[in-house]
Amino acid sequence: MESAFEFLDWIIFGIYAFAILGMGLFISRGKKGVEKTADDYFLANKSLTWWAIGASLIAANISAEQFIGMSGSGYALGMGIACYEWIAAASLIIIAKYFIPIFIEKKIYTMPQFLAERYSRGVSTAFAIFWLLIYVFVNLTSITYMGALAMQEILGVPLIYGIIGLALFSGIYSIYGGLKAVAWTDVVQVVFLILGGLVTTYMALDAVGGVDAGPIKGFSNLFEGAREHFHMIATADAKPEVFSDLPGLGIILGGIWLTNFGYWGFNQYIIQKGLAAKSVREAKRGLLFGAYLKILIPLIVVIPGIAAFYLNGNLAKPDEAYPFLLANYMPVGVRGLAFAALTAAIVSSLASMINSTSTIFTVDIYKPYFNKNATNKQQVRVGRLVAVISLLIAVSVAPLLNNLGQAFQYIQEYTGFIYPGVVVVFFMGLFWRQATNRAALWTALLTLPLGFAFKFGFPEMPWMMRMAYVFIILVFVATIITFVDKKVWTTDTKHTVRPGFIRSGYAMVVIGVVSTIIGVVGSNIEFLYNYGIQNIFMLAAAFLFVGIILISNEKIIAADRKSIEINPESFKTGKAFNIGAVGIIVILALLYGVFW
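Structure report, in brief. (Residues numbered from 1 in each chain as written. Predicted model: local features only at pLDDT ≥ 70, side-chain atom pairs only at ≥ 80, totals over all residues. Heavy atoms only, no water.)

## Description of the overall build of the chain
To be explicit about the condition: A run of H or I in DSSP becomes a helix once it reaches four residues, and a run of E becomes a strand once it reaches two; helices and strands are each numbered from the N terminus. With C-alpha atoms as the basis for the radius of gyration, the globule rule is written as 2.2 Å multiplied by the number of residues raised to the power 0.38. A simple rule labels every residue: compare its accessible area, found with a 1.4 Å probe on the protein chains alone, to the largest value its type can have, and call it buried under 20%, exposed over 50%, or partly exposed in between. We call two residues in contact whenever any of their non-hydrogen atoms come within 4.5 Å of each other. What sets the accessible areas is the Shrake-Rupley method with a 1.4 Å probe; for residues, cover comes only from the shown protein chains. For this count, His and the chain ends are skipped, Lys and Arg are scored as positive, and Asp and Glu as negative. Note that the charge is assigned to NZ on lysines, CZ on arginines, CG on aspartates and CD on glutamates.
Secondary structure assignment for the chain yields 26 helices and 0 strands. The globule rule puts the C-alpha radius of gyration for 596 residues at 25 Å, and the 24 Å found for the chain is close to it. Seen along its three principal axes, the alpha-carbon backbone of the chain occupies a region of about 75 × 70 × 50 Å. The 596 residues of the chain split such that 62% are buried. Across the chain, contacts joining residues at least 24 apart in sequence account for 86% of those joining residues at least 6 apart. Taken as a whole, the chain presents about 22,200 Å² of accessible surface, with 68% of it coming from carbon and sulfur. When the 41 positive and 32 negative side-chain charges of the chain are each reduced to one mean point, those points stand 15 Å apart.

## Side note on the packing of aromatic side chains
Two numbers describe a pair of aromatic rings. These are the distance of the centres and the angle of the planes. To be explicit about the condition: Aromatic pairs are defined between Phe, Tyr and Trp rings, using the six-membered ring for Trp, whenever the two ring centres lie within 6.5 Å; interplanar angles under 30 degrees are classed as stacked, those over 60 as edge-to-face, and all others as tilted. Only when the NZ of Lys or the CZ of Arg is both within 6 Å of the ring centre and within 35 degrees of the ring normal is a charge said to sit over the ring.
Using the criterion set out here, one finds 34 aromatic pairs in the structure. Ring geometry for Tyr-75 against Phe-309: centres 5.7 Å apart, planes inclined by 85°, an arrangement best described as edge-to-face. With Tyr-75 in helix H4 (residues 64–76) and Phe-309 in helix H15 (residues 280–311), the pair connects residues that are 234 residues apart, well separated along the chain. The ring centre of Tyr-98 lies 5.6 Å from the NZ or CZ of Lys-97, which sits over that ring.

## Topic: the environment of Ala-341
Within the fold, Ala-341 resides in helix H17 (residues 334–369). Residue Ala-341 is classed as buried on the basis of its relative accessible area of 0%. Distance from Ala-341 to Leu-198, taken between C-alpha atoms, is 9.6 Å for residues 143 residues apart in sequence.

## Focus: the packing of helix H7 (residues 121–155) against helix H20 (residues 419–431)
A pair of packed helices is characterised by two quantities: the angle between their axes and the separation of those axes. The criterion, for reference: An axis is simply a line fitted to the C-alpha atoms; with a helix, the fit covers only the stretch in contact. Between two such axes, the angle follows the N-to-C directions and lies from 0 to 180 degrees. Helix crossings fall into two classes, left-handed where the near helix is turned counterclockwise from the far one by less than a right angle and right-handed where it is turned clockwise. Charged residues are taken to be Asp, Glu, Lys and Arg, nonpolar residues to be Ala, Val, Leu, Ile, Met, Phe, Trp, Tyr, Cys and Pro, and polar residues to be all remaining types, Gly included.
At a closest axis distance of 12 Å, the pairing of H7 and H20 adopts a crossing angle of 145°. Of the two elements, H7 crosses H20, and the hand of that crossing is left-handed. Touching Val-123, Phe-127 and Trp-131 of H7 are Gly-421, Val-422, Val-425 and Phe-426, all from H20. Looking at side-chain class alone, the contact of H7 with H20 contains 6 nonpolar, 1 polar and no charged residues.

## Description of the pattern of salt bridges
Oppositely charged side chains may form a pair once their charged atoms are brought near each other. The condition that has to hold: Salt bridges, as used here, are contacts in which a Lys or Arg side-chain nitrogen is within 4 Å of a carboxyl oxygen on Asp or Glu.
For the structure shown, the criterion picks out 8 salt bridges. Salt bridges sharing partners connect three or more residues here, namely Arg-438, Asp-485 and Lys-487.

## Examining the side chain of Thr-144
Basically, it comes down to this: Identification of polar contacts relies on pairs of N or O atoms within 3.5 Å, with a donor-acceptor requirement for protein atoms, meaning one able to donate a hydrogen and the other able to accept it, and with residues adjacent in sequence counted only if both atoms are side-chain atoms.
Within the secondary structure, Thr-144 sits in helix H7. Since its relative accessible area comes to 1%, Thr-144 is described here as buried. A polar side-chain atom of Thr-144 sits 2.8 Å from the main-chain carbonyl oxygen of Leu-140.

## Description of a nonpolar patch on the surface
Filter applied, for reference: To count toward a patch, a residue needs a relative accessible area over 30% and no salt bridge; like charges are then connected within 9 Å, while nonpolar side chains (Val, Leu, Ile, Met, Phe, Trp, Tyr) are connected within 5 Å.
A contiguous nonpolar patch, built from Val-513, Ile-517, Val-520, Val-521, Ile-525 and Phe-527 and spanning about 530 Å² of accessible area, is present on the exposed surface. Here Val-513 lies in helix H23 (residues 499–522).

## Thoughts on the packing of helix H5 (residues 83–105) against H20
As a reminder of what qualifies: Working rule for angles: under 35 degrees goes down as roughly parallel, over 145 as roughly antiparallel, 65 to 115 as roughly perpendicular, anything else as oblique.
The N-to-C vectors of H5 and H20 enclose an angle of 70°; their axes lie 11 Å apart at closest approach. In terms of orientation, H5 and H20 fall into the roughly perpendicular class. In the packing of H5 onto H20, the handedness of the crossing is left-handed. Side by side, H5 and H20 meet where Tyr-98, Phe-99, Ile-102 and Phe-103 of the first sit next to Phe-426, Phe-427, Leu-430 and Phe-431 of the second.

## What to know about helix H3 (residues 50–61)
In plain terms, the rule: By this rule, a helix spans an expected 1.5 Å times one less than how many residues it contains.
With 12 residues, H3 extends 16 Å from end C-alpha to end C-alpha; this agrees with the ideal 16 Å at 1.5 Å per step. Burial analysis of H3 places 10 of its 12 residues in the buried class, which makes it a mostly covered element.

## Details of the nonpolar core
The line we're drawing: Residue types Ala, Val, Leu, Ile, Met, Phe, Trp, Tyr and Cys, when buried and joined through side-chain atoms within 4.5 Å, form a set referred to as a nonpolar core.
Within the largest apolar cluster, 180 residues are counted, with the highest numbers of intra-cluster contacts made by Trp-86, Phe-103, Trp-131 and Phe-339. At 21 residues, H7 tops the list of elements feeding residues into this core.

If you want it as structure tokens, here you go:
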């Protein structure tokens, strides 16, 4: 296949590649004669500032999954796919205020480590294995595949060579330098990513506008000519093909919250950036900064996908939308910058995932099971070896994904298999004093079997709804087992009863009951049923769960021996954070109001 690149494109792309590699290798250098410690390799020596955290979060998150996969979903499904980005922005506010302070105060390296300290090594190992499987066989493979697909469409590089090239590029500095090299190169990567992405959007809208009309006219033409692509909420009767991936009100009421809390709050390769913060304050601000960047992302990945649909609605598969734009509508030089943005997104995500895979294996598998007294040198060596093996597996599996239509939906569905269990187990561990090890273990063990049972038992049900029903079952199981296990609770605890929490708990229970009634009544009204009102059952279960936790925490003095006593002071935020959080909510309300 002929390359769409010209000499100037190669120059611009080459400058980017050499700058990132050079910076990554420079940062990776340790002081002469000083051995790199595990803390330095896996947590950047806890040195990250808020702006580095926010930039690194987005650089790790935005990859081929968004540029190729989400643009492809924008091409096929429309603006509704932006819900992942906008609801993630709201989720990050909650994670910054309530989750990250506890993790940092407990000096956590990895998410499985938290589970080991709160529950047991068995629960920790179960989730460590889950994450390793997802990272290697879903995330690493799909990102390298989609990146290589873009290289094939734009540069004419055969798919397998693109897969190998991306693996080598991302592995060189991440394997050698660890999280510090990943995080600080991400600061540069995110500049390329956003600048190049905005340029691509500008040029795509300019092409839609026509000769000398400009991007504003282009957006107007796009909105009018592809109006069916500009609705956030799809209905089962009008758009069944969209509803199967984005089930109406399920976008606001249902399983997408599990995806966002599981991904942003308890996912190692994302939350690791927050764990490496200088302080809790820096971590909170970093996550809030990341939330603002998330609001911007649909402009640089979803709008180009819709523009590609307007310009050519007959592509062989949706995931060709973004490469189609770069190859056909970007002028010389701009094409090189846009492809540099795409590559930056791919490489930064791969680098973060490689580092987190090695971190989880080393800290949660190798050290506790194979070498409890492992030195810093041994841990770093094992981490690097695991990173290499992970990349080799990803390179071997990635070509098998060539038959996918929308890779983004593939990633969301299969990572969604573990998120219901992840959210239940972590939420209990963080906030429920009575939650027991057996409740967490059974939740972990049932997560995947229930996910597969719903997938094969109800294949026509939207996967996001299947995930919500799994969550409801797991909440019920975890709650029942926790109260059955009350014989293992201890009264040897220092707990101050807070009446305000009890009142909040009762309020949550009332909201949960009302939501259940709305779900039962609405499911029998065709109009509401077509909007997916049944998704509210997941929201009802979540409110009831939180209510039970708040009430039992204060009404029952006894607690699990490994429970965490929460200090409400940890959740306090300053005026700047509060104003920023309100700003995000207002922006999201306006966006949903415009594109409903």
